[in-house]
Amino acid sequence: MHFDLIVIGSGSGNSILTPDWQGKKVAIVEAGVFGGTCLNMGCIPTKMYVYPSLLAWQAGVEGPPLGVRTRFDGVQWAQLRDRIFGRIDPISAGGRDYRANAEHVTLIEERVRFTGPKTLVTDRGSVLTAEQIVIAAGSAAQLPQVPGIELPQVHTSDTVMRIDDLPERVLVVGGGVVAAEFASLFAGFGAAVTQLVRGNALLRAKDRIVSEKFTEAARQQWRLETGQELHSIAASNGPDGAGRAVRVRTARQTGGPGLEEDFDLVLVAIGRKAATAGLDVAAAGFDTGPSGILLVDEFQRVLSAGQPVPGVWALGDIANDYQLKHVANHEARIVAHNAAHPDDLRAANHRAVPEAVFSYPQIATVGMTGTEAAAHAAESGVEVVEYVQDFGGTAYGWAMEDRTSVAKVIAERGSRRLLGAHIVGPEASMLIQPLVQALAFGTDLREFSRGQYWIHPALTEVVENAVLGLDLASRSDDPL
Ligand SMILES: Cc1cc2nc3c(=O)[nH]c(=O)nc-3n(C[C@H](O)[C@H](O)[C@H](O)COP(=O)(O)OP(=O)(O)OC[C@H]3O[C@@H](n4cnc5c(N)ncnc54)[C@H](O)[C@@H]3O)c2cc1C
Ligand SMILES: NC(=O)c1ccc[n+]([C@@H]2O[C@H](COP(=O)([O-])OP(=O)(O)OC[C@H]3O[C@@H](n4cnc5c(N)ncnc54)[C@H](O)[C@@H]3O)[C@@H](O)[C@H]2O)c1
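An unreviewed UniProt entry lists the protein under the name Mycothione reductase, with Arthrobacter russicus as the source organism. The Cofactor (unreviewed entry) comment attached to the protein in UniProt states, word for word, "FAD". As its UniProt record puts it under Sequence similarities (unreviewed entry), the protein is described as follows: "Belongs to the class-I pyridine nucleotide-disulfide oxidoreductase family."

K.L.:
Any chance you could explain the site of ligand 2 here in plain terms?
P.N.:
Around ligand 2 sit 17 residues in total, of which Val178, Glu181, Gly271, Gln323 and Ala356 are the nearest. Residue Val177 places a main-chain N or O atom 3.1 Å away from an oxygen atom belonging to ligand 2. Between ligand 2 and Arg198, the relevant distance is 3.3 Å, taken from a nitrogen atom to a side-chain nitrogen or oxygen of the residue. Protein burial of ligand 2: of its 850 Å² of free accessible surface, 73% is covered by the chains. With three residues, the single largest contributor to the shell around ligand 2 is helix 5 (residues 177-188). When grouped by side-chain class, the residues that make up the shell around ligand 2 number eight nonpolar, five polar and four charged.

K.L.:
What is the right way to read the UniProt feature "domain: Pyridine nucleotide-disulphide oxidoreductase dimerisation" (unreviewed entry) in the protein from this model?
P.N.:
Look at the UniProt record and you will see "domain: Pyridine nucleotide-disulphide oxidoreductase dimerisation" (unreviewed entry) annotated at residues 353-466. The annotated region residues 353-466 carries 37% helix and 26% strand content, and the separation between its end C-alpha atoms amounts to 20 Å.

K.L.:
When you look at the sheet that holds strand 12 (residues 228-235) in this model, what are you seeing that I'm missing?
P.N.:
Hydrogen bonding along the main chain pairs the strands of a sheet, whether they run parallel or antiparallel. Spatially, three strands are ordered 12-13-14 in an open sheet, and the strand pairing comes out antiparallel. Two strands bound the open sheet, and with one partner strand each, they are strand 12 and strand 14 (257-263). Strand-to-strand twist across the sheet, computed as the mean angle between neighbouring axes with direction ignored, equals 20 degrees. Examined bridge by bridge, strand 12 and strand 13 (residues 246-252) share seven bridges and lie antiparallel to one another. Its bridge partner being in strand 13, Ser232 is matched across the sheet by Arg249.

K.L.:
What is the right way to read the confidence of the model for the protein from this model?
P.N.:
Caution is warranted with low-pLDDT regions, since their predicted coordinates should not be read in detail. With 97% of its residues at a pLDDT of at least 70, the protein reaches an overall mean of 96. Across the predicted assembly, pTM comes out at 0.97 and ipTM at 0.98.

K.L.:
What exactly am I supposed to notice about the site of ligand 1 here?
P.N.:
By nearness alone, 33 residues border ligand 1, and Glu30, Thr37, Lys47, Asp317 and Lys325 come closest of all. The contact in question runs from an oxygen atom of ligand 1 to an N or O atom on the side chain of His326, over 3.3 Å. Relative to its free-state accessible area of 1000 Å², ligand 1 is covered by the protein chains to the extent of 92%. Mapped onto the shell around ligand 1, the elements with two or more residues apiece are helix 1 (36-41), helix 2 (43-62) and helix 9 (325-340). Of all the elements, helix 1 adds the most residues to the shell around ligand 1, at four residues. Looking at the shell around ligand 1 residue by residue, the classes come out as 13 nonpolar, 13 polar and seven charged.

K.L.:
Hey, could you run me through helix 6 (residues 208-221) in this one?
P.N.:
Two residues of an α-helix separated by three or four positions point the same way, owing to the 3.6 residues in each turn. Compared with an ideal rise of 1.5 Å per residue, which puts 14 residues at 20 Å, helix 6 spans 20 Å between its outermost C-alpha atoms and is within 8% of the ideal. What helix 6 keeps buried is the set Ile209, Val210, Ser211, Phe214, Thr215, Ala217 and Ala218. The opening residue of helix 6 is Asp207, an N-cap whose side-chain oxygen sits 3.0 Å from the backbone nitrogen of Ile209.

K.L.:
So what exactly am I meant to see when it comes to the sheet that holds strand 20 (residues 363-367) here?
P.N.:
Pairing is antiparallel across the open sheet formed by five strands, whose spatial order is 19-20-23-22-21. Only two strands of the sheet have a single partner each, and these edge strands are strand 19 (355-357) and strand 21 (384-390). Direction aside, the axes of adjacent strands within the sheet are offset by 15 degrees on average. Here helix 13 (residues 433-441) sits on the sheet and contacts strand 20, strand 22 (406-412) and strand 23 (417-424); the angle it forms with strand 23, its principal contact strand, is near 160 degrees.

K.L.:
So what exactly am I meant to see when it comes to the environment of Glu260 here?
P.N.:
Relative to the helices and strands, Glu260 is located in strand 14. Looking at Glu260, the relative accessible area reads 46%, which means it is partly exposed. Every residue in contact with Glu260, bar those within four places of it in the chain, is listed here: Arg247, Val248 and Arg249. A polar contact of 2.9 Å, which involves the side chain of Glu260, links it to the side chain of Arg249.

K.L.:
Would you take a moment to explain the domain arrangement of the protein for this structure?
P.N.:
Many structure descriptions define interface size as the accessible area lost when the parts assemble. The domain boundaries assigned to the protein delineate domain 1 (2-141 + 273-340), domain 2 (154-270) and domain 3 (361-468). The C-alpha-based centres of domain 1 and domain 2 are spaced at 27 Å. On the side of domain 2, 19 residues touch domain 1, which itself brings 21 residues to the contact. Counting the surface lost from both domain 1 and domain 2, the interface buries some 1700 Å², and carbon and sulfur atoms represent 65% of this.

K.L.:
Quick question: what am I supposed to make of helix 2 here?
P.N.:
Residues of helix 2 that are buried include every one of Pro45, Thr46, Met48, Tyr49, Val50, Pro52, Ser53, Ala56, Trp57 and Ala59, and no others. In this structure, the buried side of helix 2 is in contact with helix 1, helix 3 (77-101), helix 5 and helix 6.

K.L.:
Which parts of the structure should I look at to understand the state of the cysteines?
P.N.:
Covalent bonding between the sulfur atoms of two cysteines is what defines a disulfide. In the structure shown here, the tally under the stated rule is one disulfide. With a sulfur-sulfur separation of 2.3 Å, Cys38 is cross-linked through a disulfide to Cys43. Judged by the torsion about the S-S bond (-135 degrees), the Cys38/Cys43 disulfide is left-handed. Cys38 gets classed as buried once you look at its relative accessible area, which sits at 11%.

Calculation criteria
- Residues numbered from 1 in each chain as written.
- Chains lettered and ligands numbered in written order.
- Predicted model: local features only at pLDDT ≥ 70, side-chain atom pairs only at ≥ 80, totals over all residues.
- Heavy atoms only, no water.
- UniProt positions renumbered as here; feature names shortened; annotations may be inferred.
- Near = heavy atom within 4 Å.
- Polar contact = N/O pair within 3.5 Å; in protein donor to acceptor, adjacent residues only side chain to side chain.
- Areas by Shrake-Rupley, 256 points an atom, 1.4 Å probe, with all protein chains shown as cover.
- Helix = DSSP H or I, 4+ residues; strand = E, 2+ residues; numbered from the N terminus.
- Nonpolar A, V, L, I, M, F, W, Y, C, P; charged D, E, K, R; others polar.
- Pairing = 2+ DSSP bridges.
- Axes fitted to C-alpha atoms, helices over the stretch in contact; angles between N-to-C directions.
- pLDDT = per-residue confidence, 0-100.
- Expected span 1.5 Å × (residues − 1).
- Buried < 20%, exposed > 50% of the residue type's maximum accessible area, 1.4 Å probe, protein only.
- Contact = heavy atoms within 4.5 Å.
- Domains from an automatic or database assignment.
- Buried area = accessible area lost by both parts, 1.4 Å probe.
- Disulfide = S-S within 2.5 Å.

Written out as structure tokens, the structure is:
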């Protein structure tokens with residue numbers, strides 16, 4: 001079968017099919033659930049669990065110290081799950097039906113792999129060719145190769161949100177973003193959570209203040225086991241793993257005995273890998289980077305031996321290491337334009353990519369970490385300044401009786417431009433947005449802090465004061 005356009009992947013790839021393709025022959029290939037990761041097993045269901053779990057956590061933990069008699073009385077997990085997927089599943093099914101019934105679109109529900117730069121073969125052996133191909137096949141959760149990993153009590157984020165009951169004892173393996181969100185939400189609902197990490201801190205890729213603050217908060221909310229690796233998992237209740245619990249053994253990095261303990265559920269969250277191997281992109285001769293992503297140029301054209309392959313585009317988790325939905329969506333908008341207007345190419349913009357972790361506490365970051373800013377200063381000779389503002393030092397922070405949350409900002413002194421921002425605390429994902437804007441548009445931070453009103457006594461005063469706290473005066477007679 002020959003097409004004008006084939007899109008592989010129905011996550012952000014689904015949005016490539018703009019009215020520009022009306023009347024053309026288009027195929028969309030989806031081997032899994034229509035709508036991709038974010039809708040079905042990623043951003044959306046996780047946040048639909050995180051929000052009620054946060055309410056539970058606040059009722060149990062935040063109310064009483066403020067003098068309010070709140071308490072958490074338990075969660076009706078199955079009801080919550082059914083509400084979440086009762087909303088999501090029809091959206092996925094509706095999206096699928098819309099494409100399946102569109103006259104100019106062929107929906108191919110099979111796994112495909114490349115046999116040449118513009119030739120694909122499906123699992124059942126159909127050969128597909130196209131004038132243009134958009135690769136939006138995303139990434140997949142990784143599993144460690146340890147005995148027992150196939151037991152039904154072992155989950156990744158793909159399956160864990162569909163379970164029937166809140167487990168009593170949860171082991172979360174990994175120290176990244178997925179682990180942070182699930183450890184928080186399970187603990188918020190009252191499960192006994194143990195988190196197992198190889199290193200000695202969580203979210204280690206982030207700015208030091210984020211990693212330190214979150215590691216400290218995690219220790220207070222659940223049990224954190226550091227310096228250990230998963231060694232094996234076995235059914236603890238019956239030889240076939242059909243029993244309720246599993247016996248987990250860990251190996252200590254420093255030697256010596258690890259844990260040997262029963263858990264009702266193990267969630268493995270040790271990273272996601274671009275889906276390039278399953279697509280056999282090597283057969284097409286496409287370039288891949290160290291993490292396995294497809295290499296693309298600024299117009300999202302796939303590279304082969306360093307050169308763009310005409311008419312082959314890639315976007316989202318398969319083509320960048322951010323692994324974020326807003327990045328996949330941005331790249332999809334770029335590809336949608338470029339594939340339809342090859343003589344008027346637009347470049348993708350990856351300048352100020354923010355990320356939020358919807359854990360307790362919430363985290364949001366944008367731009368350089370302190371370490372990256374120090375390297376930037378050493379390389380360029382510019383003076384870099386940073387300031388950490390406690391939430392507790394602002395009026396709303398007093399209202400919240402907050403004693404742990406912080407906003408750290410990093411800037412260039414001479415140019416008064418923001419380099420990075422890192423927030424750990426309530427509403428971090430929203431508080432970061434004015435700083436994302438300042439970074440994206442290169443706003444002069446004096447203008448940023450003094451050229452606009454900041455609502456008093458809103459929590460945004462944390463951001464205002466963080467920027468005011470930076471020593472941006474280039475001379476002593478040049479204060480903010
Ligand atoms: C638990 C979790 C929570 C997340 N939360 C957030 C969040 O809060 N905010 C955020 O910004 N990001 C979040 N993300 C990341 C976000 O989900 C991804 O960055 C985004 O979904 C990537 O979109 P994509 O279109 O590149 O890929 P996907 O949406 O994964 O789509 C790729 C599709 O391609 C299909 N496919 C793959 N290979 C083949 C093949 N060979 N043949 C046919 N079809 C194939 C797959 O079945 C899949 O449906 C989260 C991820 C996870 C796992
Ligand atoms: N709120 C959000 O935006 C959000 C939420 C969830 C997921 N995501 C995206 O999904 C992606 C995947 O998340 P993730 O948490 O799985 O990956 P991650 O890269 O954030 O973290 C992986 C963790 O697993 C550890 N690890 C790696 N191999 C291991 C092994 N063999 N044994 C034990 N630990 C090991 C790493 O040291 C790291 O701590 C992220 O890159 C993120 O961008 C985003």
